Structure formats: structure tokens, C-alpha cells
Amino acid sequence: MIRIQNLTKKYIGFNSPYERILTALTFGIIPGSRSYTALKEINLEVNPGEIIGIIGRNGAGKSTLIKVLSGVSKYQSGSFEKKGSLRSILELGVGFNPELSGEENIYYNGLVWGYSVEEIEELTDSIFEFSGLSDFKNVPLKNYSTGMMMRLGFSLETANRPDILLVDEALAVGDASFQQKSLSRFQQFKEEGSAIIIVSHDLNLLQMISDRMIVLEKGKIEFSGSPALALKKYIQILADNSFEDSVKEKSISSNYIESYSIQMNSGDSSKTIFGIGEVVKLKFSIKLKAAIPDLTIGFHIDDAKGLRVYGTNSYHLKKNLKNLNGGTTIEYSFIFPLNISHGKYNLGFALHEGDNHTTKCYLWKDDVIDFEVER
């Protein structure tokens, strides 16, 4: 239903008001002297009955891509083909008039969305029923809470199934009950053949609903594939960019960490098959190349589907590692019971400062140890 080939989008900037006026007077023949490429040669196909999740850091190009696909923003080069009706949810509640009642807003915004009067009359009751606001039809919107307004907006914008649905940060709104209703509606649209693209920072929810996930970084597709592998790629990108000095990004581990080893033991023996509830010892040996003022050692365990089932670090255990000199070899161990279900797992680790790896991460590794838990 959607085919994108080599799509590129640039934003033009200006160094002065004079330059902006000159560009306007020449109808863009003389462009602004500054430009920023928000999307670089994007290639993507989305099929009927498929949900694609898009993740990435702030400024990666996620919202720009949704705006281009929805027609709100133009692109400079490449091609974009679509088949079928398209609807985009860029911001819930946009266009609502606080002085009008909920029902009046349904008519007003429904017409803007392209519904006919007959369709609105037919759908009004179901919209209010789905949003749980049937008792507030005639109440002015200014008396609605933010959550109520978002629920009404979501219910209106998804009242009819489009062939293509684009969603930007509106994966699930309202309380837990309405979130489940929202997700069920996405699944219903998928089963009926809709192609759905969702941008969200709610990684766990997006992983649960997506058939495929895409990682955007600096306007490019860095990864496209299974949700589990996409999340690992995204977390690796966060770790690689955790230092403010971009020059250091690619050489952090080699500058600070000379070598490391990890052992996962039960008793005195190292093994890869454990029993449920068995107490294990995870032993780190890390040799530093340069001094680190504040080091946190952490690990995480993912199951075969890529879902994170357990993890902790020295910061949360209040076992701080301070003022470490270059050349120092650190021995550190975690002892914990494997209170997880039977199955196959993999273990990764991180060396960073503070409570998480998103700032000053010296080393991040996934899939370092594969092991199995048996009944």
C-alpha cells in the first residue's frame, strides 16, 4: 500500500530577514543559505495488514517522515506511492473548539476530516460510546479534562477504518482501560487490511503491537526488522551517543576500557544451563585504560523474543565505584536467583556513569552470554 524510494527531505534556513524576503520574492529561485537534511534516501514498503513501528532519538526524522507521508510537508527528491484512503493522527484534539459541546465538535471536525453529514450522524453514538463520554455529549469542551479530549479525538479519528493509518505519538491515550481499547482497534484495522505506521517513544508498547520496527538515526534508516533486534539497535545508538562531545562517540570504549571478561557461574562451575530459581554469580573483570571518576556496572537479561526480563546495576545497589585510575583492574560480582521461566535467554552489560546508559556510556554490549533455564 505504501512504497517509498530514495525519499529525501530538506529544511531551508536563513541567516537574516533580508535573505528570507529575497527567497520569497524570487519564489525560491534564490534559496536560503542554510539547509538541514531531515530525511536521507529513505526506502520503505508497507503492505496491507502490517503494523510498522518507527523509533529513534529526538531529531532523527520520525515526525518529519509521518508529515511527508501524510502530505503536510513536501519532499525534495525520491518517490512516494500509496494506494487507498489515508488518514493521519498527528496531534489529537487539534481543531477542537472549547466553546462548542462534544457533539458539536464531532460534527465540526468530522466535516474537516472528510466525513459526510450522513456518516457523522451514523457514527456519533459509537464515537461517544467508544470514548466513554456518552454522558458528556452536550457539555462544552472547555469542561473536558485533557484525557477526555484526547479520547474523543482518538475515537473520532479512528471511527472509520482507513486503508493507510499514520500515527505520531498517539499509540495509546487515556487510562489503562482505554489504552487497551485503542490497541484493540489498531489490531482490528490490521486484520481488516489496513497498513499502519506508528511513531512512538513507548518502546515496550510499540514492540508489542508492531510486526516490524524501523530505527531512524540522523534522517537515515539504520535498521529495519524484528522489534527485538530494533530495540537493541536503538539502545546501542543511545549508548554510542551518550557523550556530548560527538568527536569521542566512536572511540569511547577503546579510550577507557582496555579489556574485560564475564563469567556466569553456579557454585564453582561455569555453565550455560541452569534451573529455575538457581542462584548464580555473574563476575566481571574489567581493566581500565584511563581514569573514570564514577563507574556503574550493570547487566540485563532478555528472553528469546527480545523482551527484557531482569536487570540491575551497581548504582541501584548503592555499591559505588569512585575515582578509578587508569590501569586499574576491577573485580565486581552480582549474585541473584534466576526467578524466571524456563527458556532461552541472553545477557548483555553496560559500563556507564549514573543510573542509566544514556549519559556517558563507556561500553554497551548485547548478547554476551547465551544461557538456558530448565524446569
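This write-up is about the structure you can find in this document. Since the model is a prediction, treat every value here as computed from it, not as a measurement. (Residues numbered from 1 in each chain as written. Predicted model: local features only at pLDDT ≥ 70, side-chain atom pairs only at ≥ 80, totals over all residues. Heavy atoms only, no water.)

### Some details on the side chain of Lys 62
So, point 1. Tracing the backbone through its elements, the reader meets Lys 62 in helix α2 (residues 62-70).
So, point 2. Setting aside chain neighbours within four positions, we find Lys 62 in contact with Ile 54, Ile 55, Gly 56, Arg 57, Val 199, His 201 and Leu 216. (Helix = DSSP H or I, 4+ residues; strand = E, 2+ residues; numbered from the N terminus. Contact = heavy atoms within 4.5 Å.)

### A look at the packing of aromatic side chains
So, point 1. As enumerated under the stated definition, the model contains 16 aromatic pairs in all.
So, point 2. Between Phe 284 and Phe 334, the ring centres sit 5.9 Å apart and the planes meet at 80°, which makes this aromatic pair edge-to-face. Here Phe 334 lies in strand β17 (residues 329-337) and Phe 284 lies in strand β13 (residues 279-288), a separation of 50 residues in the sequence.
So, point 3. Within the aromatic cluster, the residues linked to one another by ring pairs are Tyr 260, Phe 284, Phe 299, Tyr 310, Tyr 332, Phe 334, Phe 336 and Phe 349.
So, point 4. Sitting over the ring of Phe 130, Lys 181 keeps its end group 4.8 Å from the ring centre.
So, point 5. Sitting over the face of the ring of Phe 130, Arg 185 holds its NZ or CZ atom 3.7 Å from the ring centroid. (Phe/Tyr/Trp six-rings, centres within 6.5 Å; stacked < 30°, edge-to-face > 60°. Lys NZ or Arg CZ within 6 Å of the ring centre and 35° of its normal.)

### Section: the sheet that holds strand β4 (residues 77-82)
So, point 1. Taking strand neighbours across the sheet as the criterion, the three strands line up as β2-β1-β4 in an open arrangement whose pairing is antiparallel. Whereas interior strands pair on both sides, the edge strands pair on one side only; in this sheet they are β2 (34-46) and β4. Averaged over neighbouring strand pairs, the angle between their axes works out to 30° when direction is ignored.
So, point 2. As paired elements, strand β1 (residues 2-13) and β2 share nine bridges and run antiparallel to each other. Residue pairing for β2: Lys 9 is matched across the bridge by Leu 39.
So, point 3. Sitting on the sheet, α2 touches β1, β2 and β4, and the angle it makes with β1 is about 110°. (Pairing = 2+ DSSP bridges. Axes fitted to C-alpha atoms, helices over the stretch in contact; angles between N-to-C directions.)

### Let's talk about the packing of helix α4 (residues 117-131) against helix α5 (residues 146-157)
So, point 1. It is at 9 Å that the axes of α4 and α5 come closest, and there the two elements cross at 135°. In terms of axis orientation, α4 runs oblique to α5. In this structure, α4 crosses over α5, and the sense of that crossing is right-handed. The residues of α5 that touch α4, namely those facing Ile 127, Phe 128, Phe 130 and Ser 131, are Arg 151, Leu 152, Phe 154, Ser 155 and Leu 156.
So, point 2. Looking at side-chain class alone, the contact of α4 with α5 contains six nonpolar, two polar and one charged residues. (Parallel < 35°, antiparallel > 145°, perpendicular 65-115°, else oblique. Left-handed = near helix turned anticlockwise from the far one by under 90°. Nonpolar A, V, L, I, M, F, W, Y, C, P; charged D, E, K, R; others polar.)

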